[in-house]
Amino acid sequence: MPSPERGDPAAARRVAVELELELPLGGAPPYPGAAPFDLEAAVCSHGLFMMAPNRWDPASRALVRPLRLASDRAASVAVRVSRHPARPSDALLVSVLGAPGDALSPPDQTSILEQVRRMLRLDEEDGRAAAEFQAMHAVAREAGFGRIFRSPTLFEDMVKCILLCNCQWTRTLSMSTALCELQLELRSSSSTENFQSRTPPIRECKRKRSNKQNVRVKLETKFNEDKLVYLEDPNLATDTANLQTYENSFNLPSAASGTGNTSEVSLDHSELKLRNEPCLEDCGGDFPTPEELANLDEDFLAKRCNLGYRARRIVMLARSIVEGKICLQKLEEIRKMSVPTVEGLSTTPSTYDRLNEELSTISGFGPFTRANVLMCMGFFHMIPADTETIRHLKQFHKRASTISSVQKELDNIYGKYAPFQFLAYWCELWGFYNKQFGKISDMEPINYRLFTASKLKKATVNS
């Protein structure tokens, strides 16, 4: 009989199954310097954790979201991941929320645990990479930093990277939420065909090119604007502008303030608790699968989820997967052929290049999107550079970088951490955000949308 959740009788009635997930032992041979696994550090390590359907509960220090069942990919169950109350140092408690008496088959239980492992990077190679990085980075070891949060599936990671293009962070959040709401509508409708009967037929949509768009972006001047925009659409920047800018889940700037004082930005989280977000098990919407998106009309999807041109790219990606033109399992298998570790560094570039080439054939996957997808897949030797990178180098390291010099500056600063240059960069940047704005893991989800980039550039670094 499942044990009730303490202090929440309603939640206790919803618990159907409780699963235990064994954790890797921190500090165990052959990595005696590795920090113990920290759930909070593993989840709240990247802006992806803020995007629906993920929900981090700062009060209970738990992650809640729907996960797919192996027995029926059209079905989802709400899952709560928390520290095991009886074994907090060596296990997680994975609670499947549902009506009393619900049962999960062994394949379903295995699938749920595998999805949790992927999100938290609990596989052996992920643990080895985190341990090797922490052995050379004392600050990361002390913070328990080394695992970057990602989605339960590669498809969700890929779509969310598309959602980061050419928009502010608030829109990125709303687009992800809208896709999950759409998934609930699709699940509730009798059939996808009936759902689409109200939408126009699929048609090609050509976008006009403007002379104003065919200009090289001088990123140094972007800091004088109120927002950062990630430019990877070929209609918005020339091929020579390989350094993209964006405001999104990867870069968390300050919350807007009406005081006008930008010398030092801080957030009082107690004053920002506007209301409680509903539990995901009550919302029910999961992130849509390729099968759920492949037959949708792209114009309808664009309007329903406010995706703009991204709708076509997402639909084309979903269709290519469903039709077998893109095999995500193949991409994952290629990735497993080489793990970027200190001992195996020489094999990393060839595998990275092969995957990068595979991803480059996908419509809408420019250099920056590909680099971030590959980071999600476990490659940490490349640092995707954007205007936030230039700002950070200027503000934190007192180095004035440009489009042409930023990669050289990154190599000079973080090259000593090879093959984990991205982890070193992100640990530093994420730590800076926590210092400037308060502990990110303490924020209520309703306040994620308050982040903007307009004041981060003016914040001072207290060395």
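Residues numbered from 1 in each chain as written. Predicted model: local features only at pLDDT ≥ 70, side-chain atom pairs only at ≥ 80, totals over all residues. Heavy atoms only, no water.

### Observations regarding the confidence of the model for the protein
Parts of the model with low pLDDT should not have their predicted coordinates read in detail.
Here's step 1: In the predicted model, the protein carries a mean pLDDT of 77, and the fraction of residues at 70 or more is 68%.
Here's step 2: Throughout residues 1-7 the model reports pLDDT below 50, and contacts reaching past four residues in sequence, or to other chains, amount to ten contacts.
Here's step 3: The low-confidence segment residues 197-231, where pLDDT is below 50, has 76 contacts with residues more than four positions distant or belonging to other chains. (pLDDT = per-residue confidence, 0-100. Contact = heavy atoms within 4.5 Å.)

### Considering the side chain of Asp297
Here's step 1: Mapped onto the fold, Asp297 is located in the loop between α10 (290-293) and α11 (298-305).
Here's step 2: The buried charged residue Asp297 lacks any salt bridge, with Arg319 as its nearest oppositely charged partner at 6.3 Å. (Helix = DSSP H or I, 4+ residues; strand = E, 2+ residues; numbered from the N terminus. Buried < 20%, exposed > 50% of the residue type's maximum accessible area, 1.4 Å probe, protein only. Lys, Arg positive; Asp, Glu negative; His and termini not counted. Salt bridge = Lys/Arg side-chain N within 4 Å of Asp/Glu carboxyl O.)

### Looking at the packing of helix α6 (residues 154-163) against helix α15 (residues 367-376)
Here's step 1: Packing of α6 against α15 brings their axes to within 10 Å, and their N-to-C directions diverge by 150 degrees. It follows that α6 is roughly antiparallel to α15 by the angle criterion. When you trace α6 past α15, the crossing you get is right-handed. Contact with α6, carried on its side by Leu154, Asp157, Met158 and Cys161, involves Thr369, Asn372, Val373 and Cys376 of α15 and no other residues of that element.
Here's step 2: Along the lines of polarity and charge, the residues of the contact of α6 with α15 split into five nonpolar, two polar and one charged. (Axes fitted to C-alpha atoms, helices over the stretch in contact; angles between N-to-C directions. Parallel < 35°, antiparallel > 145°, perpendicular 65-115°, else oblique. Left-handed = near helix turned anticlockwise from the far one by under 90°. Nonpolar A, V, L, I, M, F, W, Y, C, P; charged D, E, K, R; others polar.)

### Some remarks on helix α7 (residues 169-188)
Here's step 1: With 20 residues, α7 ought to run about 28 Å at 1.5 Å a step, and its terminal C-alpha atoms sit 29 Å apart, in line with that.
Here's step 2: Regarding α7, the residues found buried are Trp169, Thr172, Leu173, Met175, Ser176, Ala178, Leu179, Cys180, Leu182, Gln183 and Leu186. (Expected span 1.5 Å × (residues − 1).)

### A closer look at the packing of aromatic side chains
Here's step 1: Tallied over the entire structure, the rule returns twelve aromatic pairs.
Here's step 2: Considering the side-chain rings of Trp430 and Tyr433, the 6.3 Å spacing of their centres and the 75 degrees angle between planes classify their relative orientation as edge-to-face. Linking Trp430 with Tyr433, this pair stays in helix α18 (residues 421-437), spanning three residues, or about one helical turn. Note on accessibility: Trp430 and Tyr433 belong to one class, buried.
Here's step 3: An aromatic cluster is built from Phe396, Tyr414, Phe422, Tyr425, Trp426, Trp430, Phe432, Tyr433 and Phe437, whose rings are joined through pairwise contacts. (Phe/Tyr/Trp six-rings, centres within 6.5 Å; stacked < 30°, edge-to-face > 60°.)

### Description of the nonpolar core
One recurring pattern in soluble globular proteins: nonpolar side chains tend to sit buried together.
Here's step 1: The biggest cluster of nonpolar side chains holds 110 residues, and the ones touching the most others in it are Phe49, Ile112, Leu120, Leu301 and Leu317.
Here's step 2: The element best represented in this core is α18, accounting for eleven residues.
Here's step 3: Built from parts of two domains, this core gets at least three residues from each of domain 1 (18-145) and domain 2 (151-189 + 283-337 + 349-366). (Core = buried A, V, L, I, M, F, W, Y, C linked by side-chain atoms within 4.5 Å. Domains from an automatic or database assignment.)

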